[in-house]
Amino acid sequence: MKTYLLRKATIMMTIAVLLALRPIVAMAATVTVTVGDNGFRFSPATATIHPGDTVHWTWSSTGHSSTSGSPGTPNGLWDSGILSQGASFSHTFNSTGSFPYFCTPHGQCCGMVGMVVVSNSTPTPTPTPTATPTPTATPMPTTGPGTGKAAVADVNRDGHPDWVLRNASTRGTAFWFLNNNVFISGTLGPTLPAGWTLRAQADFNRDGHPDYALFNSTTRQTAIWYLSGTTFARGSLGPTLSSGWELVMAADFNGDGKPDYVLSNASTRQTAIWHLSDNVFISGTLGPMLPAGWSLRGLADFNRDGHPDYALFNSTTRQTAIWYLSGTNFIRGSLGPTLPNGWEVVATADFNGDGKPDYVLFNAGTRQTAIWYLNDNTFVSGVLGPTLPAAWSLIDP
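Basis of the calculations
Residues numbered from 1 in each chain as written. Predicted model: local features only at pLDDT ≥ 70, side-chain atom pairs only at ≥ 80, totals over all residues. Heavy atoms only, no water. Helix = DSSP H or I, 4+ residues; strand = E, 2+ residues; numbered from the N terminus. Contact = heavy atoms within 4.5 Å. Areas by Shrake-Rupley, 256 points an atom, 1.4 Å probe, with all protein chains shown as cover. Pairing = 2+ DSSP bridges. Salt bridge = Lys/Arg side-chain N within 4 Å of Asp/Glu carboxyl O.

With respect to the overall build of the protein
Here's step 1: Within the protein one finds 2 helices and 30 strands.
Here's step 2: A separation of at least 24 residues holds for 49% of the contacts in the protein among residues at least 6 apart in sequence.
Here's step 3: Roughly 17500 Å² of accessible area belongs to the protein as shown, and the carbon and sulfur atoms make up 56% of that amount.

Some words on the pairing of strand E21 (residues 280–289)
Here's step 1: As paired strands, strand E20 (residues 270–277) and E21 are joined by 7 bridges and run antiparallel to one another. What sits directly across from Leu 276, in E21, is Phe 281.

Considerations on the pattern of salt bridges
Here's step 1: This model, assessed by the stated rule, comprises 4 salt bridges.
Here's step 2: What emerges from the salt-bridge pattern is a single network uniting Arg 166, Arg 199, Glu 246 and Asp 396.

Some words on the environment of His 209
Here's step 1: Here His 209 lies in the loop between strand E14 (196–202) and strand E15 (211–216).
Here's step 2: Put simply, His 209 and Leu 227 are 18 residues apart on the chain and 6.4 Å apart in space, counted from C-alpha to C-alpha.
Here's step 3: When residues no more than four places from it in sequence are discounted, the contact partners of His 209 are Arg 157, Asp 203, Leu 227, Ser 228 and Gly 229.

A look at the sheet that holds strand E1 (residues 30–35)
Here's step 1: The strand order across the open sheet formed by 4 strands is E2-E1-E4-E7, and the pairing between neighbours is mixed. Of all strands in the sheet, those bounded by a partner on one side alone are strand E2 (42–43) and strand E7 (88–92).
Here's step 2: Pairing between strand E4 (residues 54–59) and E7: 5 bridges, direction antiparallel. Its bridge partner lying in E7, Thr 54 is registered against Thr 92.

Listed below in structure tokens is the structure:
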């Protein structure tokens, strides 16, 4: 009996040692993406997985596909074909990398694109700000270029945002009047003097007409050009910026009804808000510091709490994000939709009149524009806008 018990104990110990020393096998996971969820979209737009994991697409509406590559240029890694509601399709990813995909009927016209990111590490879900230094009245930074963005405002006061086009060769500007994404008519605007660039459009003297905010990168000087509709009325110099800072946008951050300057420093990635009364500097404070790879592309109240928020864009990953602010203070961040190759976010405004800011997209190679309609940070649908004529752009080169 003792021999039996000893033998049994030995066997059990051997099994325990073998179990302790067995190789640990990683269990592959399956991530589900809904196709055609509440419009022309993949939900989630970006799926982050590990090597060996599978993405399982399920169709919630008819007439969509999951096709690897970019709109118009499939790369052949996978293609579900156009399927109907209730269908499903799966693909297993065995190597790391970023894998864009699109819907064949709705990728190019409507921005129905997605991304699968395969990584061995656990990614950070949202860009988070580094520690922000104590605000000072006047930021004193270093050198770097400004952030490109479009000037968007309701110039003809019909309730619809309009665009200001720029011609780098002639320094001319032009107004394109839109109804949502549809071009209605256009007219030439004032020609900018040499050395000056258009950085924002806002009603600085509160006469009901949006004005030009200009910046001279050589002298660091700013200026306001007051317009009456599309006609230049007069100009006034604004405050001069410290070396390294650029004027990039304008919005009312302190709720006094007067547009303020938003400054950016490309070297330190710091932002700052200068509070103005018309063209006169009142006070300044530092804003949140942007993470590496991200740039500020728009200002709008995405969560409708009465405070302008930052719209960010990462030109490497094509990812967008919203940073929610209270005044100049960072509250939290959320990822937005990922853009297809060749496109960038250049401005934000409410184009379909639902009270929610939308993205203005621009493709510098084709000069095509598009509007992506959002609900806060969530993509709802997209439409193409007018194509710009040769030599004209929505942003400075």
